[in-house]
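Examining the three-dimensional arrangement
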Amino acid sequence: MSRDVFLNDTTLRDGEQAPGVAFTTAEKLELAESLVAAGVPEIEIGTPIMGADEIDTIRAAVARRLPVRLMAWCRMKARDLDAAIESGVGAVNLSLPASDIQLAAKLGLDQAGALQVIEDMVRRAAAAGFFVAVGCEDASRADGDHLARVIETAARAGASRVRLADTVGILDPFSTFELVAQLMAKSEIDLEFHAHNDLGLAAANTLAAIRAGARHASVTVLGLGERAGNAALEEVAAAMAVIDGADTGIELTALPDLAAQVACAARRQTATIKPVVGADVFTHESGTHVAGLLNDSRAYQGLDPALVGRCRRIVIGKHSGATAIARVLSESGRDLDPDLAAAMVARVRRKAAETKSTITAAQLVEIYDGMCSEARLGDVAGPGQLGDEHSDTTVARPGRMR
Ligand SMILES: CC(=O)SCCNC(=O)CCNC(=O)[C@H](O)C(C)(C)COP(=O)(O)OP(=O)(O)OC[C@H]1O[C@@H](n2cnc3c(N)ncnc32)[C@H](O)[C@@H]1OP(=O)(O)O
Ligand SMILES: O=C(O)CCC(=O)C(=O)O
């Protein structure tokens, strides 16, 4: 396959580890179908050792014969592997801490002991016929030489990939690039990067890891995941397309509906400013912006909304200028009178400030019609006097939307 990078969507595993999130079996199956429809090539479907219900859910997903790789998350324990076998899944991510902090705190192991566990468990999983990835939890705080030995050991024992997890989200794009590039230079197998968003850098770090040579990256829809979450599928896929021109196989126009579906199943509100899928991310209010983009939409557009199945929206609010107001009025068959423009801007501004909201087209028309009536009755002496606001706004004729 000529794909540049393969995304492993872990919404149904790490995403579900977000506080309070619990998908039903039906939700998981529907989400898995939607992830497939959106072009995700690999899904981390769950954690079989969690018990019979989780195993049943994974079995149901496997039974759907989705045209993607379904992967189960397992600790490096024989009983976790047995649960994965029972679930019928074909791929496992066998996870073991990589940092000395976590090795000691969670397992009481030193580096040599960890390598032995990896060797044994990967061999066991490979012998059972699994596609095996090794998950290095807390790789970002691990000793680099140990990580290199982990990759070498995993590869020798039969793993096809090693996942480097920035479990506590402390990397930045520079340190991510350095870590992945150094390990790539020594690795004979694929590397995957798994970011966390504690410092708001998950998507940026994921791009850096891919630039450094990682061919696989973990993502979740909306960035749902432990604490501040993971790298968001929609952010990584859009950024890869726009910045790197890279093929992730993701159907970008499917992302808004997918995000809404995940938000609903997770009982989470999506922030209006959430990149790509938030309600306001293609909405413009500021006067100078609207005046520019009505002439050429590229003036204030880094990401074309059409690329992700969205539309640009212009709203009227506290920061609107005459061009935007004229534009919205024109849609109701009214030409903004140049003599009333400055006063209209001032009135709109005051109303938006008072109501702390945008102004609908109907409200705008009402304000304007009222102002025109006042003007006809002779109440209006001219620009700048109506409503005693001062404005140096000039009226620009509505431009053409491109
Ligand atoms: C950063 C991440 O997101 S990693 C993914 C984390 N995912 C989860 O925790 C999934 C949900 N977890 C669970 O349902 C439960 O914790 C289970 C089923 C995994 C384990 O439950 P319990 O048996 O009750 O153990 P508990 O939750 O206390 O976890 C501690 C045990 O896990 C072991 N453990 C933790 N990580 C690993 C690992 N990577 N490999 C091997 N053992 C591990 C600890 O050594 C300890 O083992 P012990 O019980 O034999 O002493
Ligand atoms: O070890 C892994 O597979 C990664 C687990 C994880 O979600 C993390 O470390 O953040």
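The numbering scheme is per chain: residues are counted from 1 as the chain's sequence reads. Starting at A for chains and at 1 for ligands, labels are handed out in the order in which the entities are written. The predicted origin of the model limits local features to residues at a pLDDT of at least 70 and limits the giving and counting of side-chain atom pairs to 80 or more, whereas totals for whole chains, interfaces and linings rest on all residues. Heavy atoms from the whole structure form the basis of all side-chain values; hydrogens and water molecules are not counted.

So, on to the site of ligand 2. Any residue with a non-hydrogen atom lying within 4 Å of a molecule or strand is treated as near it. Asn93, Ser95, Arg163, Thr167 and His196 are the nearest of the 13 residues found near ligand 2. Note that an oxygen atom of ligand 2 is positioned 3.0 Å from one of the side-chain N or O atoms of Asp14. Note on areas: these come from Shrake-Rupley sampling with a 1.4 Å probe, and a residue is covered only by the protein chains present in the view. Relative to its unbound accessible area of 290 Å², ligand 2 is 96% covered by the protein chains. Strands here are runs of E lasting at least two residues and helices are runs of H or I lasting at least four, both read from the DSSP assignment and numbered beginning at the N terminus. Taken together, the elements giving at least two residues each to the shell around ligand 2 come down to β4 (91–97), β5 (131–137) and β6 (161–165). Looking at the shell around ligand 2 element by element, the count peaks at three residues for β5. Its residues placed into classes, the shell around ligand 2 shows three nonpolar, six polar and four charged. The definition of a polar contact used here is a pair of N or O atoms within 3.5 Å, where within protein one atom must be able to donate a hydrogen and the other to accept one, and adjacent residues in sequence count solely through side-chain atom pairs. Residues are grouped as follows: Ala, Val, Leu, Ile, Met, Phe, Trp, Tyr, Cys and Pro are nonpolar; Asp, Glu, Lys and Arg are charged; every other residue, Gly included, is polar.

UniProt positions are given in the numbering used here, feature names are shortened, and annotations may be inferred rather than shown by experiment. Per the UniProt annotation, the sites labelled "domain: Pyruvate carboxyltransferase" (unreviewed entry) are residues 5–256. Structurally, residues 5–256 is divided into 44% helix and 17% strand, and its ends, taken at the C-alpha atoms, are 21 Å apart.

A separate point is the site of ligand 1. Near ligand 1 lie 15 residues; those nearest to it are Gln17, Arg75, Met76, Ser95 and Lys106. Gln17 places a side-chain nitrogen or oxygen 2.8 Å from an oxygen atom of ligand 1. One of the side-chain nitrogen or oxygen atoms of Arg75 is found 2.7 Å away from an oxygen atom of ligand 1. Considering ligand 1 on its own, with 1,000 Å² of exposed area, one finds that the protein chains cover 58% of that surface.

With that out of the way, let us pick up the packing of helix α8 (residues 202–211) against helix α9 (residues 233–244). Contact geometry of α8 with α9 gives a least axis separation of 10 Å together with a crossing angle of 50°. The orientation of α8 with respect to α9, classified from their angle, is oblique. Remark: the crossing between α8 and α9 carries right-handed chirality. Here α8 contributes Ala203, Thr206, Leu207, Ile210 and Arg211 to the contact with α9, which in turn contributes Glu235, Val236, Ala239, Met240, Ile243 and Asp244. Taken together, the residues of the contact of α8 with α9 break down into seven nonpolar, one polar and three charged. The axes used here are C-alpha line fits, helices contributing only the stretch in contact, and every angle between their N-to-C directions lies in the interval 0 to 180 degrees. Our angle categories are set so that under 35 degrees counts as roughly parallel, over 145 as roughly antiparallel, 65 to 115 as roughly perpendicular, and the remainder as oblique. Crossing handedness is read from the near helix: turned anticlockwise from the far helix by less than a right angle, it gives a left-handed crossing, and turned clockwise, a right-handed one. Contacts are residue-level and defined by heavy atoms, with any inter-residue pair within 4.5 Å sufficient.

Given a helix with a known number of residues, its expected span is that number minus one, times 1.5 Å. For helix α1 (residues 25–37), spanning 13 residues, the distance from its first C-alpha to its last is 18 Å, which sits close to the expected 18 Å at 1.5 Å a residue. Residue exposure (1.4 Å probe, protein chains only): buried if accessible area is under 20% of the type maximum, exposed if over 50%, otherwise partly exposed. Considered for burial, the residues of α1 that qualify are Glu27, Lys28, Leu29, Leu31, Ala32, Leu35 and Val36. Close packing links the buried residues of α1 with β1 (6–9), β2 (42–46), α2 (52–63), α9 and α10 (255–266). Among the residues trailing α1, Gly39 stands out with phi positive, at a value near 95°.

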